[in-house]
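# Architecture and fold: a report
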Amino acid sequence: MNDPYNPPVAPTLYIATDALAYMVELIRSSRGEVNGFGLISPTTGGHILASPDDVIITDQEVKPGAADAAMGDVVKAFDDAALLDRDQEFHLQWHSHPGEAYFSSTDMANVSNFGCCGAIWVASMVFARDGSLVARYDQYSPVRLGGPMPWQIFSSRADLRRRAVAQVAQHVRLAPPDRKAGTRRRSGALARQS
Ligand SMILES: [Zn+2]
């Protein structure tokens, strides 16, 4: 049984800056909302959305405040991933909101529906048009768990990483440790879902 005082921590979603920028561009290009999916591959401590090529959108009817992807098109997108031998990575769903990024009651119902389709787990993201986002992780089997999913962006550009390492080495000095220990906040803790 899951210990409510020591809940398991959700895996982290690592998002390539290019993939994130592409999702935000898709959202801003639509006059209504956009609903999409993504192929995420496992890595130490979580899953990676590695490239804009791993972001998928299907035919959908949209309006301000809602986007509905037809189930047949979602199945086709899954089959396309299977042809590339990547159906095991079809674990990310995302959509936009006109205002705030949060999981509405409709979103939570959709998240629960994934469990009825035989999915073992799914990562979900909701974006606002300004690019802010929230993410959650839901597991359906062997027990139903769900909660906020920690996420981090990373640059796929090795030249930027090298430049950052060099600049930090040149300009940034580590201060001596502060004796006052701050309280540590645990993020991404999973709660049992009813
Ligand atoms: Zn929503």
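All figures in this text were calculated on a predicted structure; none of them were measured in a lab. (Residues numbered from 1 in each chain as written. Predicted model: local features only at pLDDT ≥ 70, side-chain atom pairs only at ≥ 80, totals over all residues.)

## So, the overall build of the protein chain
Inclusion rule: The way it works is that DSSP assigns letters per residue, a run of H or I at least four long becomes a helix, a run of E at least two long becomes a strand, and they are numbered from the N terminus. Exposure classification rests on a simple neighbour count of other C-beta atoms within 10 Å of a residue's own: a residue reaching 20 or more is buried, one at 12 or fewer is exposed, and one in between is partly exposed. C-beta atoms are placed from the backbone.
Helix and strand content of the protein chain: 4 helices and 13 strands. A buried classification covers 27% of the 194 residues belonging to the protein chain.

## Focus on helix α4 (residues 158-171)
This is how the line gets drawn: Multiplying 1.5 Å by the residue count of a helix minus one yields the expected span of that helix.
Over its 14 residues, α4 runs 20 Å from end to end, which matches the ideal 20 Å to within 8%, given 1.5 Å per residue. Counting buried residues along α4, only 0 of its 14 residues qualify, which leaves the element largely exposed.

## Some thoughts on unusual backbone geometry
At the junction of S141 and P142, the peptide bond is cis and its omega measures out at 5° in the coordinates. With respect to the element layout, P142 can be found in the loop between β10 (133-139) and β11 (145-148). Not every positive phi belongs to a glycine, and D85 is a case in point at roughly 60°. With 8 C-beta atoms packed within 10 Å, D85 lands in the exposed category.

## Side note on the environment of T43
Definition in use: By the convention adopted here, residues are in contact when the distance between their C-beta atoms, placed from the backbone, does not exceed 7 Å.
Structurally, T43 is set in strand β3 (residues 41-43). T43 sits 29 residues away from Y14 along the chain, and the two C-alpha atoms are 8.9 Å apart. The residues touching T43, leaving out its near neighbours within four places in the chain, are Y14 and I48.

## Points about the sheet that holds β10
The line we're drawing: In short, DSSP must find at least two bridges between two strands for them to pair. Under this scheme, a helix contributes an axis fitted over its contacting stretch, all axes are lines through C-alpha atoms, and angles between N-to-C directions fall in the 0 to 180 degree range.
With mixed pairing, the 7 strands of this open sheet are ordered in space as β5-β2-β8-β9-β10-β11-β13. In this open sheet, the two edge strands, each paired with only one partner strand, are β5 (55-57) and β13 (191-192). Pairing of strand β2 (residues 35-39) with strand β8 (residues 90-97), which is carried by 5 bridges, proceeds in the antiparallel orientation. Following the sheet pairing, L39 is matched in β8 by F90. Where helix α1 (residues 17-29) meets the sheet, its contacts fall on β2, β5, β8 and β9 (121-128), and the angle it forms with β5 comes to roughly 20°.

## What about the sheet that holds strand β4 (residues 46-49)?
As a general point, the strands of a sheet are linked pairwise by backbone hydrogen bonds and lie either parallel or antiparallel. Sheet architecture is open: 4 strands sit in the order β3-β4-β1-β12, paired in mixed fashion. Pairing within the sheet leaves two strands with one partner each, and these edge strands are β3 and β12 (151-154). The average undirected angle you get between the axes of adjacent strands in this sheet is 30°.

## A look at the nonpolar core
Proteins that are soluble and globular tend to have nonpolar side chains buried together. So the rule is basically this: Note on terminology: a nonpolar core is a set of buried residues of type Ala, Val, Leu, Ile, Met, Phe, Trp, Tyr or Cys, with members joined through C-beta atoms within 7 Å.
Counting 30 residues, the largest nonpolar core has L13, I15, A19, M23, L49, A123 and M149 as the members making the most contacts within it. The leading source of residues in this core is β9, at 5 residues. Beyond its immediate sequence surroundings of up to four residues, I15 is in contact with L20, L49, W151 and I153.

## Regarding the pairing of strand β1 (residues 12-16)
Side-chain direction in a regular strand flips from residue to residue, so the side chains alternate between the two faces of the sheet. Judged by how many residues are buried, β1 sits mostly within the fold: 5 of 5 residues are covered. Of the two faces of β1, the one lined by T12, Y14 and A16 and the one lined by L13 and I15 are each fully buried. Here β1 pairs with β4 via 4 bridges, running parallel. Residue pairing in the sheet places L13 in a bridge with H47 of β4. Sheet analysis places β1 next to β12, joined by 4 bridges and oriented parallel. Along β12, the bridge assignment pairs A16 with F154.

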